[in-house]
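Okay, here's what each chain looks like letter by letter:
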Amino acid sequence: MSEITGYHAHVYYDANTQAIAQQVCEEVAGLFPVQMGRMHAKNVGPHPRWSCQLGFGPDAFDQVMPWLMLNRQGLTIFTHPETGDHLADHRDRAIWMGEMLDLDLSIFERIGV
């Protein structure tokens with residue numbers, strides 16, 4: 001079994017929901033040991049919508065995930081583990097809250113991971 005070294009939760013939004021997403025991301029980062037990334041107003045990496053990445057360790061999973069479940073305010077959140085196998089982490093090991101979207105997984109094939 002691969003070792004999980006951390007998690008990334010990607011909060012998806014658009015121009016109409018960006019303020020809500022920023023509020024959710026800032027709140028969870030203030031409550032738990034979560035590193036909040038930038039608020040991207042464009043699609044980044046494999047993500048099909050604007051997003052903000054929340055990074056957290058395995059020891060915070062049992063706090064962060066239930067909080068996001070109860071406080072996501074209708075936003076779609078895509079969460080995956082960090083094991084070093086980026087393709088499998090995004091394709092096979094993900095947890096979706098809300099709408100399941102198609103990721104552009106071809107980026108992992110192009111970079112050979």
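- The name an unreviewed UniProt entry gives the protein is Aromatic ring-cleaving dioxygenase, with Ruegeria atlantica as the organism.

**A look at the overall build of the protein**
Move 1: Of the regular secondary structure elements, the protein holds 4 helices and 5 strands.
Move 2: The C-alpha atoms of the protein give 13 Å as radius of gyration, which agrees with the globular expectation for 113 residues (13 Å, within 12%).
Move 3: The principal-axis extents of the C-alpha atoms in the protein amount to approximately 35 × 30 × 20 Å.
Move 4: Of all 113 residues assigned to the protein, the portion counted as buried reaches 42%.
Move 5: Contacts in the protein between residues at least 24 apart in sequence constitute 63% of all its contacts with a sequence separation of at least 6.
Move 6: Accessible area of the protein: about 6,200 Å², with a carbon and sulfur share of 49%.
Move 7: One finds the centroid of the 7 positive side-chain charges in the protein at a distance of 7 Å from the centroid of its 14 negative side-chain charges.

**Points about helix α2 (residues 61–71)**
Move 1: For α2, every residue scored as buried is listed here: V64, M65, W67 and L68. One side of α2 carries all its buried residues, which in axial view fall inside an arc of 165°. Counted as exposed and oriented over 90 degrees from the buried face of α2: D62, M69 and L70.
Move 2: Where the residues of α2 are buried, they touch β1 (6–13), α1 (18–31), β2 (34–40), β3 (50–56), β4 (77–82) and β5 (95–97).
Move 3: Just downstream of α2, Q73 is the residue with a positive phi angle, here 55°.

**Digging into the packing of aromatic side chains**
Move 1: Under the definition given, this model contains 5 aromatic pairs.
Move 2: Relative to W50, the ring of Y13 lies with its centre 6.2 Å away and its plane at 80°, an arrangement referred to as edge-to-face. Of this pair, Y13 sits in strand β1 while W50 is found in strand β3, placing the two residues 37 residues apart along the sequence.
Move 3: Judged by its relative accessible area of 3%, Y13 falls in the buried class.

**Some words on the side chain of H90**
Move 1: Mapped onto the elements of the fold, H90 is located in helix α3 (residues 86–91).
Move 2: The residues touching H90, leaving out its near neighbours within four places in the chain, are P46, F78, H80, L103, L105 and F108.

**With respect to the pattern of salt bridges**
Once the charged atoms of two side chains with opposite charge are near each other, the side chains can pair.
Move 1: Tallying each qualifying case throughout the model produces 3 salt bridges.
Move 2: Here E99 and R49 are joined by a salt bridge, their closest N and O atoms 2.8 Å apart. With a gap of 50 residues between them, E99 in the loop between β5 and α4 (106–110) and R49 in the loop between β2 and β3 connect regions that are remote in the sequence.
Move 3: With relative accessibility at 43%, the residue E99 sits in the partly exposed group.
Move 4: Its salt-bridge partner being R93, residue D89 comes within 2.8 Å of it at the nearest N-O pair.
Move 5: On the accessibility criterion, R93 (32% relative accessible area) is partly exposed.

Cut-off values and rules
- Residues numbered from 1 in each chain as written.
- Predicted model: local features only at pLDDT ≥ 70, side-chain atom pairs only at ≥ 80, totals over all residues.
- Heavy atoms only, no water.
- Helix = DSSP H or I, 4+ residues; strand = E, 2+ residues; numbered from the N terminus.
- Rg over C-alpha atoms; globule rule 2.2 N^0.38 Å.
- Buried < 20%, exposed > 50% of the residue type's maximum accessible area, 1.4 Å probe, protein only.
- Contact = heavy atoms within 4.5 Å.
- Areas by Shrake-Rupley, 256 points an atom, 1.4 Å probe, with all protein chains shown as cover.
- Lys, Arg positive; Asp, Glu negative; His and termini not counted.
- Charge placed at Lys NZ, Arg CZ, Asp CG, Glu CD.
- Arc of directions from axis to C-beta.
- Phe/Tyr/Trp six-rings, centres within 6.5 Å; stacked < 30°, edge-to-face > 60°.
- Salt bridge = Lys/Arg side-chain N within 4 Å of Asp/Glu carboxyl O.

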